[in-house]
Amino acid sequence: MHFLYRDFVSQAQIDAQYNPSLALAPTADPMRHYAAQAQQARTQLPCVLDVPYGPTVAETLDIFPAAQPNAPVFLFIHGGYWRALSSKDFSGVALGLQPLGITTVVINYALCPQVSIDEIARQARAAVAWTLRNIARYGGDPTCAAIGGHSAGGHLAAMCLQTRWAEDYGLPPDPLAGAVLVSGLYDLEPLRYSYLQPQIQLNEGTIRRNSPAFTVRPCRTPVWMTWGGNETTEFSRQSGVLHAAWQAAGNAAELRAIPGADHFTAIHGFEDPNSALCQWLAHTLNTQTGG
């Protein structure tokens, strides 16, 4: 028997694990919820939209400043399997954080197949560097910034944690005070055999360079790896693989699912100040400031 990856022998088996839309009810439309919450955030909260952080059209970010000056900062990277959606679909993540005094930055990036995952990772890192250098102009504290992401955004946030910030950007070696990675992809190998391959176009080099579970460095940033408790076993395994590697490198990490959540609802907590996601970020950022 020929195995494509681990114990998977067919694309259908891999797609069943990695295509979360297959588990949705026929009438379900998680994008409708995201759109409504995003519109609410842009209507009700102060915001500065489409701020360029790089030279290409897609390299923009949306800033939702906290009410008070010198606020902690959360950078969010959206999902969409590197080939769909934009920052505007996820403005709603600011709804739960702004009441807690946290400035939210939602990062946009170019999409596959117009660009490669290598280029998207570069853009994510550039967005972080730009934010750390410029967020003080928007009332944020660059010394107290956390990063997070969902699905492909979780992958990109993990890639940012691997960055040689001092050597490549002239920033402190570990400039981020915390990270929350939701339903991320940290071993890209199985996706090469999935329905995504025609758009994301993975090869051996791309997989090797962009599988953060296998490139973990010593890092002082505390991380919470999480996923929806109702997600497939592969999403659970992906977080577990990164968690094991993160701890093996001597780094601080927490591995805990969000009970009752699926792939799409796992980030709904960012809309609620009292949720586990928002409270974890508030505690982590408050600890970093000594509050």
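Right above here is the structure, for reference.
Before going into details, it helps to say that this report is about the structure given with it. (Residues numbered from 1 in each chain as written. Predicted model: local features only at pLDDT ≥ 70, side-chain atom pairs only at ≥ 80, totals over all residues. Heavy atoms only, no water.)

**Side note on the overall build of the chain**
Each helix and strand counted, the chain has ten helices and eight strands in total. Relative to its 291 residues, the chain shows a buried fraction of 56%. A sequence separation of at least 24 residues applies to 78% of the contacts in the chain between residues at least 6 apart. Total accessible area computed for the chain in this model is approximately 11,500 Å², and 54% of it derives from carbon and sulfur atoms. Separation of charge centres in the chain, based on 17 positive and 22 negative side chains, amounts to 5 Å. (Helix = DSSP H or I, 4+ residues; strand = E, 2+ residues; numbered from the N terminus. Buried < 20%, exposed > 50% of the residue type's maximum accessible area, 1.4 Å probe, protein only. Contact = heavy atoms within 4.5 Å. Areas by Shrake-Rupley, 256 points an atom, 1.4 Å probe, with all protein chains shown as cover. Lys, Arg positive; Asp, Glu negative; His and termini not counted. Charge placed at Lys NZ, Arg CZ, Asp CG, Glu CD.)

**Remarks on the nonpolar core**
Counting 57 residues, the largest nonpolar core has L75, I77, W82, I147, L181 and L191 as the members making the most contacts within it. The greatest single-element share of this core, amounting to ten residues, is contributed by helix α4 (residues 117-134). Excluding residues that lie within four positions of it along the chain, L191 makes contacts with Y18, Y81, W82, L185, L196, Q197, I200 and L202. Within the second largest apolar cluster, 30 residues are counted, among which are Y34, A41, F264 and I267. (Core = buried A, V, L, I, M, F, W, Y, C linked by side-chain atoms within 4.5 Å.)

**Structural notes on empty space enclosed by the protein**
If a probe the size of a water molecule is rolled over the atoms, the empty space left behind becomes visible. In this structure the tally under the stated criterion is one cavity of 30 Å³ or more. Of the pockets and cavities examined, the largest cavity occupies roughly 60 Å³. Surrounding the largest cavity, Y34, Q37, A38, D89, F90, S91, G92, V93, I267 and E271 form its lining. (1 Å grid on protein atoms, 1.4 Å probe; cavity = no way out; pocket = protein on both sides within 12 Å on 5 of 7 lines; lining within 4 Å. Points joined across faces, edges and corners; volume = space filled by probe spheres on them.)

**Brief notes about helix α2 (residues 30-44)**
It helps to recall that an α-helix has 3.6 residues per turn; residues three or four apart then point in one direction. Across its 15 residues, α2 extends 22 Å between first and last C-alpha, which sits within 8% of the 21 Å expected from 1.5 Å per residue. When we look at burial in α2, the residues that qualify are P30, Y34, Q37, A38 and A41. Relative to the axis of α2, the buried residues are bounded by an arc of 105 degrees and lie together on one face. Opposite its buried face, α2 presents the exposed residues R32, T43 and Q44, each directed more than 90 degrees away. Looking at the packing, one finds that the buried side of α2 touches β2 (60-64), α3 (94-97) and β5 (140-150). (Expected span 1.5 Å × (residues − 1). Arc of directions from axis to C-beta.)

**Describing the side chain of H155**
Along the polypeptide, H155 turns up in helix α5 (residues 152-161). For H155, a relative accessible area of 0% corresponds to the buried category. When near neighbours in sequence (up to four residues on either side) are disregarded, H155 contacts W82, I117, G184, L185, Y186, L188, N210 and P212.

**A few points about the packing of aromatic side chains**
Across all of its chains, the model carries eleven aromatic pairs by this definition. Between the aromatic rings of F74 and F76, the centroid separation amounts to 6.3 Å while the plane-to-plane angle is 50 degrees, which identifies the pairing as tilted. The pair formed by F74 and F76 is uniform in burial state, with each residue classed as buried. With a centroid separation of 6.1 Å and an interplanar angle of 40 degrees, the aromatic rings of F76 and F90 are classed as tilted. Remark: F90 occurs in the loop between β3 (71-77) and α3 and F76 occurs in strand β3; sequence separation between them is 14 residues. For the pair F76 and F90, one class covers both residues: buried. (Phe/Tyr/Trp six-rings, centres within 6.5 Å; stacked < 30°, edge-to-face > 60°.)

**Here we look at the pairing of β5**
Of all the eleven residues making up β5, nine are buried; the element is thus mostly covered by neighbouring parts of the structure. Strand direction decides the pairing type here: β3 and β5, joined by six bridges, are parallel. By the bridge assignment, F76 is partnered in β5 with G148. (Pairing = 2+ DSSP bridges.)

**Here's the deal with the environment of T265**
As for its position among the elements, T265 is in the loop between β8 (253-255) and α10 (276-289). With relative accessibility at 28%, the residue T265 sits in the partly exposed group. Put simply, T265 and V73 are 192 residues apart on the chain and 23 Å apart in space, counted from C-alpha to C-alpha.

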